[in-house]
Amino acid sequence: MTSTELLYSDPLAAATAAAAEIAQRTGVASHDVALVMGSGWVTAADALGAPAYECDAHELTGFFAPAVEGHSGKVRSYEITEGGKTLRALVFLGRTHLYEGKGMEPVVHGVRTAVKAGCKVIILTNACGGINTSFKVGQPVLIRDHISLTAASPLSGATFVDLTDLYSKRIRTIVKSEDSSLAEGVYVHWRGPTYETPAEIAMMRTMGADLVGMSTVPEAIAAHALGAEVLGISLVTNAAAGITGEKLNHEEVIAAGKAAADRMGALLKSTIPKLI
Ligand code: HPA
């Protein structure tokens, strides 16, 4: 069976295999925390220092080469020492999205691999459109809750998982104690690859949404279902459709992400050791 066939036929076995490969390649039996770096967040990972190990994600069982510019598709292992504590972080640069049309399994394979590699906390970052007009471009916002407009779940069968505390309140409290200026918001998952219409954004605002993007939600559910705690951070890279009258443009989304990445990197570095 090929690695791709294994991913679709037995996704947890594929994640277990990829986790064993990571342990073998890094020489680290168990990692503690994982970060998924979305559009423009790659330079935030650089603030964590020099990685102890890096490879192309697609060298590992079940990973595909990424499709979108700005997502370099690497897996890194870092040793983070801060305040007398040392832990190991697994960092995924880039992710697979539902809009790529490969189905759900590749979208959540990274977080499943991370949990199988020992990670107890999964940090999901993304670029998003701001629906709530009090949010500025370049502002990071903690995800408090989500609305799934794709209604696509990574789970199937009679697995009735509680999502009341999906974006861990414990972790949000710790992160906000590091940076009290951080706001929280409700993230809507939009399949894409089209951005939303102005009418769709108006609907989302009425539903109680603050942020809109094309990722994170399936990964959060998959990680939580395997027992990990989840932190979601959205970087507002543009005002959502219809708010300013400007058209949405992928290059601007990437550029806004890069500009805010240094602040995000410093925040992640100081916060991570406090989460475990
Ligand atoms: N909509 C959906 N996804 C996004 C956006 C947006 O406005 N900006 C960045 N990702």
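Everything below is about the structure printed above this text.
Numbers given to residues run from 1 along each chain, matching the order in which its sequence is written. Since the coordinates come from a predicted model, pLDDT governs what is reported: local features require at least 70, and pairs of side-chain atoms require 80 or more to be given and counted, while whole-chain, interface and lining totals use all residues. In computing side-chain properties, one takes all heavy atoms of the structure into account and sets aside hydrogens as well as water.

## Describing the site of the ligand
Next up, step 1: Residues are counted as near a molecule or strand when any one of their heavy atoms sits within 4 Å of it. Inspection of the region around the ligand gives Ala 127, Cys 128, Gly 129, Tyr 195, Glu 196, Val 212, Gly 213, Met 214, Thr 237, Asn 238, Leu 248 and Val 253 as its neighbouring residues.
Next up, step 2: Polar contact is defined as a pair of N or O atoms within 3.5 Å, subject to the rule that within protein one atom must be able to donate a hydrogen and the other to accept it, and that residues adjacent in sequence are counted only when both atoms are side-chain atoms. A distance of 3.4 Å separates a nitrogen atom of the ligand from a polar atom in the backbone of Ala 127.
Next up, step 3: Within the side chain of Asn 238, a nitrogen or oxygen atom sits 2.7 Å from a nitrogen atom of the ligand.
Next up, step 4: Here, Shrake-Rupley sampling with a 1.4 Å probe gives the accessible areas, and only protein chains in the shown set may cover a residue. When isolated, the ligand has an accessible area of 260 Å², and the protein chains bury 95% of it.
Next up, step 5: Here the ligand occupies the largest pocket.
Next up, step 6: Numbering of helices and strands runs from the N terminus, with a helix taken as a DSSP run of H or I at least four residues long and a strand as a DSSP run of E at least two residues long. Looking at the shell around the ligand, the elements with two or more residues in it are β5 (121-130), β8 (211-213) and β9 (229-239).
Next up, step 7: Residue contributions to the shell around the ligand peak at three residues, all from β5.
Next up, step 8: When residues are sorted by character, Ala, Val, Leu, Ile, Met, Phe, Trp, Tyr, Cys and Pro go into the nonpolar class, Asp, Glu, Lys and Arg into the charged class, and all the rest, Gly among them, into the polar class. Considered class by class, the residues forming the shell around the ligand number seven nonpolar, four polar and one charged. Definitions used throughout: a 1 Å grid over protein atoms alone; a cavity as a set of points that fits a 1.4 Å probe which cannot get out; a pocket as an open set with protein on both sides within 12 Å along at least five of seven lines; a lining residue as one with an atom within 4 Å of a point. Put plainly, a molecule is in a cavity or pocket when over half of its atoms are within 2 Å of the grid points there.

## Some words on the pattern of salt bridges
Next up, step 1: Throughout this description, the term salt bridge denotes a Lys or Arg side-chain nitrogen within 4 Å of a carboxyl oxygen of Asp or Glu. Tallied over the full model, the rule gives twelve salt bridges.
Next up, step 2: Across the pair Lys 74 and Asp 56 runs a salt bridge, and its minimum N-O distance is 2.6 Å. On the criterion of sequence distance, the pair formed by Lys 74 in strand β3 (residues 74-82) and Asp 56 in strand β2 (residues 53-56) is long-range, its members being 18 residues apart.
Next up, step 3: For each residue, the accessible area found with a 1.4 Å probe, counting protein chains only, is set against the maximum for its type, and the residue is called buried under 20%, exposed over 50%, and partly exposed in between. Judged by its relative accessible area of 24%, Lys 74 falls in the partly exposed class.
Next up, step 4: Arg 112 is paired through a salt bridge with Glu 105; the nearest N and O atoms lie 2.9 Å apart.
Next up, step 5: Connected via shared salt-bridge partners are Asp 46, Glu 54 and Arg 76.

## Brief notes about unusual backbone geometry
Next up, step 1: The linkage connecting Gly 192 with the following residue, Pro 193, adopts the cis geometry, with an omega of 5°.
Next up, step 2: In this structure, Pro 193 sits in the loop between β7 (183-189) and α6 (198-207).
Next up, step 3: The phi dihedral of Thr 216 falls on the positive side, at around 70°, and the residue is not glycine.
Next up, step 4: Considering the arrangement of structural elements, one finds Thr 216 in the loop between β8 and α7 (217-225).

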